Amino acid sequence: TPVSALLHSSTMVVAGIFLLIRIHPLLSQNSTALTTCLCLGAVSTLYAATCALVQNDIKKIIAYSTSSQLGLMMVAIGLNSPYLAFFHICTHAFFKAMLFLCSGLIIHSLNDEQDIRKMGGLQFALPMTSTCLSIGSFALMAMPFLAGFYSKDAIIEAANTSHVNSTALLFTLIATAFTAVYSMRLIYFTSMSSPRTKSVILYEENDPNILNSLTRLAIGSILAGLLIFYITFPDHPIVLTMPSHMKLTALIVSMIAFYIAHDLAYTSWTTYPSKYTTSKKLNPLFFNQIIHRTSSDVVLNSAGQIVGHLLDSLLLKKFGPDHVKHTQLQPTKVVQMSQTGLIKTYLSVLLITLSTVILLLQLV
């Protein structure tokens, strides 16, 4: 989990976004490149947020959330605003690292249980972890005056005031709403309601190393947005002419989605499993070993033989080594003819070459 906190928050997965920020002067005057970044970012943020809605593994929810935020950074690059993308990278690092550390502590405390449907009631058992998880989720949702608010809200405001593809803007707003939904789902199933775990599990979060890390990241998730805003952005004049409904778009969408998600949590949302079921492969009614295994082996082996034969006979022989051999044979023979081993031939070639070069230089 500490490795996930490092990779998913600020290092490996944002390397591509950081590269696009560094080469942005090459992209800023190319409308095709910017449009491609915008559309890719909008589709990515919506798709990842949709995947996070249906996950039950706590770490998968946070991991898909990372992909969704990367899509939002791509949207910022497509809007020709690399400063906003870099700003969101910096603020996103704090609360995403904290979310992963909180999830790791919860998994460790629940005896390696990662299904959120089997959690619950952790606000009493793990109060510090639950508090940090809620702060990180609210920062991810861009609640006002937390770290994510300053960067995420700015990206959506820039999209609202730009001549931008309306579908990309719509996808971004829907993904923002989905962010509030899966964040509420995560908080509800882990912290709220009653415990759904075994009574023999011992909860423990008194390790000072863990508490110090979570405390520092929680402070960063609250204050980092404002501090980085004053450090990162250039001192351009700020134009305050945006209509109120456009200014409040991200907040309104997030609050409505959060309210709907909270209502769904009490009515018709995913219920936790009442009993521990066996694996599907051990259930003969679900997975028939004879029929499924035999048919899969026959189909896959036949397909493998056909593909292998086609690759060997067509690609390798027509376009592989045989093709290279036939195309290089004639040039090799021509070169061989000049390699006679006679000094007169080499001196003649040298004389002709020098004469030609000197003649060309005189003509120029």
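My aim in this report is to walk through the structure given alongside it, one point at a time.

Rules and cut-offs
- Residues numbered from 1 in each chain as written.
- Predicted model: local features only at pLDDT ≥ 70, side-chain atom pairs only at ≥ 80, totals over all residues.
- Heavy atoms only, no water.
- Core = buried A, V, L, I, M, F, W, Y, C linked by side-chain atoms within 4.5 Å.
- Buried < 20%, exposed > 50% of the residue type's maximum accessible area, 1.4 Å probe, protein only.
- Helix = DSSP H or I, 4+ residues; strand = E, 2+ residues; numbered from the N terminus.
- Salt bridge = Lys/Arg side-chain N within 4 Å of Asp/Glu carboxyl O.
- Contact = heavy atoms within 4.5 Å.
- Phe/Tyr/Trp six-rings, centres within 6.5 Å; stacked < 30°, edge-to-face > 60°.
- Axes fitted to C-alpha atoms, helices over the stretch in contact; angles between N-to-C directions.
- Parallel < 35°, antiparallel > 145°, perpendicular 65-115°, else oblique.
- Left-handed = near helix turned anticlockwise from the far one by under 90°.
- Nonpolar A, V, L, I, M, F, W, Y, C, P; charged D, E, K, R; others polar.

1. Some points on the nonpolar core
Move 1: If you look at the biggest cluster of nonpolar residues, it comprises 45 residues, and the most contacted ones within it are Ile58, Met98, Ile106, Ile116 and Leu186.
Move 2: The set of elements that each furnish at least two residues to this core consists of helix 4 (31-53), helix 5 (58-78), helix 6 (82-109), helix 8 (127-140), helix 10 (166-190), helix 11 (208-232) and helix 13 (249-266).
Move 3: Counting 30 residues, the second largest nonpolar core, distinct from the first, contains Ala33, Leu84, Ala85 and Ile89.

2. Section: the pattern of salt bridges
Move 1: Under the criterion given, the structure shown has two salt bridges.
Move 2: As a salt-bridge pair, Arg117 and Asp115 come within 2.8 Å of each other at their nearest N and O atoms.
Move 3: For Asp115, a relative accessible area of 12% puts it in the buried group.
Move 4: Where Lys247 meets Glu157, a salt bridge forms, and the shortest distance between an N and an O atom there is 3.0 Å. With Lys247 in helix 12 (residues 244-247) and Glu157 in helix 9 (residues 147-160), this pair connects stretches of sequence that are 90 residues apart.
Move 5: In this structure Glu157 comes out as buried when scored by relative accessible area, which is 13%.

3. What to know about the side chain of Thr176
Move 1: With respect to the helices and strands, the residue Thr176 is situated in helix 10.
Move 2: In this structure, Thr176 is in contact with Lys152, Ile156, Ala250, Val253 and Ser254, ignoring residues within four places of it in sequence.

4. A few points about the packing of aromatic side chains
Move 1: By the definition in use, this model includes seven aromatic pairs.
Move 2: Ring geometry for Phe145 versus Phe149: centroids 5.8 Å apart, planes at 55°, classification tilted.

5. Let's talk about the environment of Met128
Move 1: By the element assignment, Met128 lies in helix 8.
Move 2: It is 8.8 Å that separates the C-alpha atoms of Met128 and Thr215, two residues lying 87 residues apart in sequence.
Move 3: Apart from residues no more than four positions distant in its own chain, Met128 is found in contact with Glu205, Leu211 and Thr215.

6. Section: the packing of helix 1 (residues 2-10) against helix 6
Move 1: One can describe the packing of helix 1 onto helix 6 by two numbers: an axis separation of 8 Å at closest approach and a directional angle of 160°. With respect to each other, helix 1 and helix 6 are oriented roughly antiparallel. For the pair helix 1 and helix 6, the crossing hand works out as right-handed. For the pair helix 1 and helix 6, the contacting residues are Pro2, Ser4, Ala5, His8, Ser9 and Ser10 in the first and Ile89, His92, Ala93, Lys96, Ala97, Phe100 and Leu101 in the second.
Move 2: Looking at the contact of helix 1 with helix 6 residue by residue, the class counts come to seven nonpolar, five polar and one charged.

7. Some points on unusual backbone geometry
Move 1: Although it is not a glycine, Asp112 sits at a positive phi angle of roughly 65°.
Move 2: Residue position: Asp112 is located in the loop between helix 6 and helix 7 (122-125).
Move 3: Even without a glycine there, the phi angle at Phe145 is positive, about 70°.
Move 4: Position of Phe145 relative to the elements: it lies in the loop between helix 8 and helix 9.
Move 5: Note on Phe145: relative accessible area 61%, which makes it exposed.

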